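Structure at a glance
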Amino acid sequence: MELSATVQKLKPSATIAAAAKAKELKSTGVKVYEFTLGEPDFITPEHIREAAKEAMDAGHTHYTPATGIPDLKQAICDAYERDHGVKYAANEIAVSNGAKHSIHNVLTALCGPGDEVIIPAPYWVSYSALVELTGATPVIVSTSEESGFCLSADQFRDAITSKTKLMMLNNPCNPTGACYPVEMIEALARVAVEKNILVLSDEIYEKLVYEGSEFRSFASFGEDVKNITIIVSGVSKAYAMTGWRIGWTMASAELTAAMTKLQSQETSNPCSVSQFAAIAALNGPQECVTDMLKAFVERREYVLSRLSKIPDISLATPGGAFYAFFNVSHYFNKLLQGGVTVKNSTEFCSALLEQAHVALVTGDAFGAPGYVRLSFATDLKTIEAGFDRLEKFLLPE
Ligand SMILES: *Cc1c(COP(=O)(O)O)cnc(C)c1O
């Protein structure tokens, strides 16, 4: 069988691959300390699950409009206006099968061969892969740990060419946890308006922001900025709803109509029952979000304190999301647990899993050699045991 050139070029998601490798080891009876997957460990809150059951029993088990039922679009508009003070209309919302699918829709509707898409690195694994699927070229711009892994307005301006179609921003960021200072976001927005470059702002972690950081939505700097912005968000992270597959875009009516056409051919519509669950999440009590955030605050503090005690590891303190992204390159070409040595982050993660049964994701997958990503969306006991093992791996007697 001759597979398409497109699919042959496509790499599998590195985070999903890392999780699969950990699962494989687990299936042989080994206890594995799992920090690979970017999803909350909590079960979806009860009132949201109840709403889904009620929807099922009320017979909402049919096809829906291609990009979601009107009540969900209204709930998204209301939540966004409540949280960010910016108004969108229902015909500017497209609900999809998760935010990842939303990103695919945006790129497919806008990009093709000859176009360039600017992606600040470290970047979420799927960004470059999804750009390449359209035939467009990802233009990776590296940011540094010293800058808190934030793209500056000058870096953005310098990366723009006559072929630039779009810039993809993720704030707060997976994998770095970077939460852009308000003035940096505004500076990026001004460049985008001046140069007429569209910005896809992936704000899926907007609710997971820690003390000392402030989140500002990209579209909140005025009508001219809103016009060049495509917001991507969803319920997966804030409401622990990864399995329900509901994400959305907020964009111009013109782009939304194009994505609606695309989605009507590709998937018909997002899951009907999940749409009702998402309405309950957005319109219902928000204490569940605060409660989960509290748990993340505690885990983040613990992770940061443990990391600070390990010599020669560095990181930019995460202001949002639930990841610690740290530099382990000091430990390359040194004797580690079991007498092994490693040359890069990918080898580091393989050896760590084999020797210490701790699963992290290599920074190589995010365009950040030398780094590894630890997801602290897991319970404190696992985190504690994982760090004990990580320390022993790095500093064997
Ligand atoms: C988890 C995640 C998403 C998408 O989540 P869905 O489950 O597809 O809604 C999008 N962007 C980033 C950066 C993520 O980490």
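Report on the accompanying structure. Please read all numbers here as calculations on a predicted model, not as lab measurements.

1. Brief notes about the site of the ligand
Close contacts around the ligand come from G98, A99, K100, W124, N170, N174, D202, I204, Y205, S236, K237 and R245, and that covers them all. The separation between an oxygen atom of the ligand and a polar side-chain atom of N174 is 2.8 Å. For the ligand, whose accessible area on its own is 390 Å², the fraction buried by protein is 94%. Most atoms of the ligand, that is more than half of them, are within 2 Å of grid points of the largest pocket.

2. Quick word on helix α5 (residues 99-110)
The α-helix winds at 3.6 residues per turn, so residues separated by three or four positions along the chain end up facing the same way. The first and last C-alpha atoms of α5 sit 17 Å apart over twelve residues, in line with the 16 Å expected at 1.5 Å per residue. Of all the residues in α5, the buried ones are A99, H101, S102, I103, N105, V106, L107 and L110.

3. Quick notes on the packing of helix α12 (residues 287-309) against helix α14 (residues 380-394)
Interaxial distance between α12 and α14 falls to 11 Å at its minimum, and their mutual angle equals 10°. With respect to each other, α12 and α14 are oriented roughly parallel. Once α12 is placed against α14, the crossing between them reads as right-handed. Facing E298, R299, Y302, V303, R306 and L307 of α12, the residues of α14 in contact are L380, I383, E384, F387, D388 and E391. By residue class, the composition of the contact of α12 with α14 is six nonpolar, no polar and six charged.

4. Some thoughts on the sheet that holds strand β2 (residues 93-96)
One open sheet holds the seven strands; their spatial order is β2-β8-β7-β6-β5-β3-β4, and the pairing between them is mixed. Two strands bound the open sheet, and with one partner strand each, they are β2 and β4 (137-142). Averaged over all adjacent pairs, the angle separating strand axes in this sheet is 20°, with direction ignored. Across four bridges, strand β7 (residues 229-234) lies against strand β8 (residues 247-250) in antiparallel orientation. Bridge pairing links S233 to W248 in β8. The sheet contacts of α5 involve β2, β5 (164-170), β6 (198-202), β7 and β8, and relative to β7 the element is tilted by about 155°. Across the sheet, helix α10 (residues 253-266) lies against β2, β7 and β8, angled at about 30° from β2, the strand it touches most.

5. Details of the packing of helix α4 (residues 70-84) against helix α11 (residues 272-283)
Two numbers describe how α4 lies on α11: the axes approach to 9 Å, and their chain directions differ by 25°. The angle between the axes of α4 and α11 places the two elements in the roughly parallel class. Like other packed secondary-structure pairs, α4 and α11 cross with a definite hand, here left-handed. Between α4, through D71, L72, A75, I76, A79 and R82, and α11, the contact on the second element is made entirely by Q275, A278, I279, L282 and N283. Among the residues forming the contact of α4 with α11, the class breakdown is seven nonpolar, two polar and two charged.

6. Describing the side chain of T64
Locating T64 in the fold gives a position in the loop between α3 (46-57) and α4. By relative accessible area, which is 15% here, T64 ends up buried. Of note is the side chain of T64, whose polar atom sits 3.0 Å from the side chain of Q275. In contact with T64, not counting residues within four places along its chain, are I69, N269, P270, S272 and Q275.

7. Notes on the pattern of salt bridges
Counted according to the given criterion, the structure contains eleven salt bridges. Residue E194 is joined to R157 by a salt bridge in which the shortest nitrogen-to-oxygen separation is 2.9 Å. Highlighted residues: E194 in helix α8 (residues 182-195) and R157 in helix α7 (residues 153-159), separated in sequence by 37 residues. Exposure remark for E194: the relative accessible area of 52% places this residue in the exposed category.

8. Concerning the packing of aromatic side chains
Scanning the entire structure with this criterion turns up twelve aromatic pairs. Their ring planes at 85° and their centres at 5.8 Å tell us that W124 and Y127 sit as a pair that is edge-to-face. With relative accessibility at 15%, the residue W124 sits in the buried group. Aromatic ring contacts, followed pair by pair, group F42, Y205, F296, F322 and Y323 into a single cluster. In this structure, R216 is placed above the aromatic ring of F221, and the distance from its NZ or CZ to the ring centre is 4.4 Å. Just above the ring of Y88 sits the side chain of K226; from NZ or CZ to the centre is 4.4 Å.

9. Focus: the layout of surface pockets
Empty space within the largest pocket amounts to approximately 450 Å³. Lining the largest pocket are 24 residues; nearest its centre among them are G38, K100, W124, K237 and T242. Every element with two or more residues in the lining of the largest pocket is listed here: α2 (14-27), α5 and α6 (125-133). A per-element tally of the lining of the largest pocket places α5 first, with three residues. Among the residues making up the lining of the largest pocket, the classes are represented as nine nonpolar, nine polar and six charged. Residue assignment places the lining of the largest pocket across two domains, with domain 1 (5-43 + 288-394) and domain 2 (47-283) each supplying three or more.

Rules of the game
Residues numbered from 1 in each chain as written. Predicted model: local features only at pLDDT ≥ 70, side-chain atom pairs only at ≥ 80, totals over all residues. Heavy atoms only, no water. Near = heavy atom within 4 Å. Polar contact = N/O pair within 3.5 Å; in protein donor to acceptor, adjacent residues only side chain to side chain. Areas by Shrake-Rupley, 256 points an atom, 1.4 Å probe, with all protein chains shown as cover. 1 Å grid on protein atoms, 1.4 Å probe; cavity = no way out; pocket = protein on both sides within 12 Å on 5 of 7 lines; lining within 4 Å. Sits in = over half its atoms within 2 Å of the grid points. Helix = DSSP H or I, 4+ residues; strand = E, 2+ residues; numbered from the N terminus. Expected span 1.5 Å × (residues − 1). Buried < 20%, exposed > 50% of the residue type's maximum accessible area, 1.4 Å probe, protein only. Axes fitted to C-alpha atoms, helices over the stretch in contact; angles between N-to-C directions. Parallel < 35°, antiparallel > 145°, perpendicular 65-115°, else oblique. Left-handed = near helix turned anticlockwise from the far one by under 90°. Contact = heavy atoms within 4.5 Å. Nonpolar A, V, L, I, M, F, W, Y, C, P; charged D, E, K, R; others polar. Pairing = 2+ DSSP bridges. Salt bridge = Lys/Arg side-chain N within 4 Å of Asp/Glu carboxyl O. Phe/Tyr/Trp six-rings, centres within 6.5 Å; stacked < 30°, edge-to-face > 60°. Lys NZ or Arg CZ within 6 Å of the ring centre and 35° of its normal. Points joined across faces, edges and corners; volume = space filled by probe spheres on them. Domains from an automatic or database assignment.

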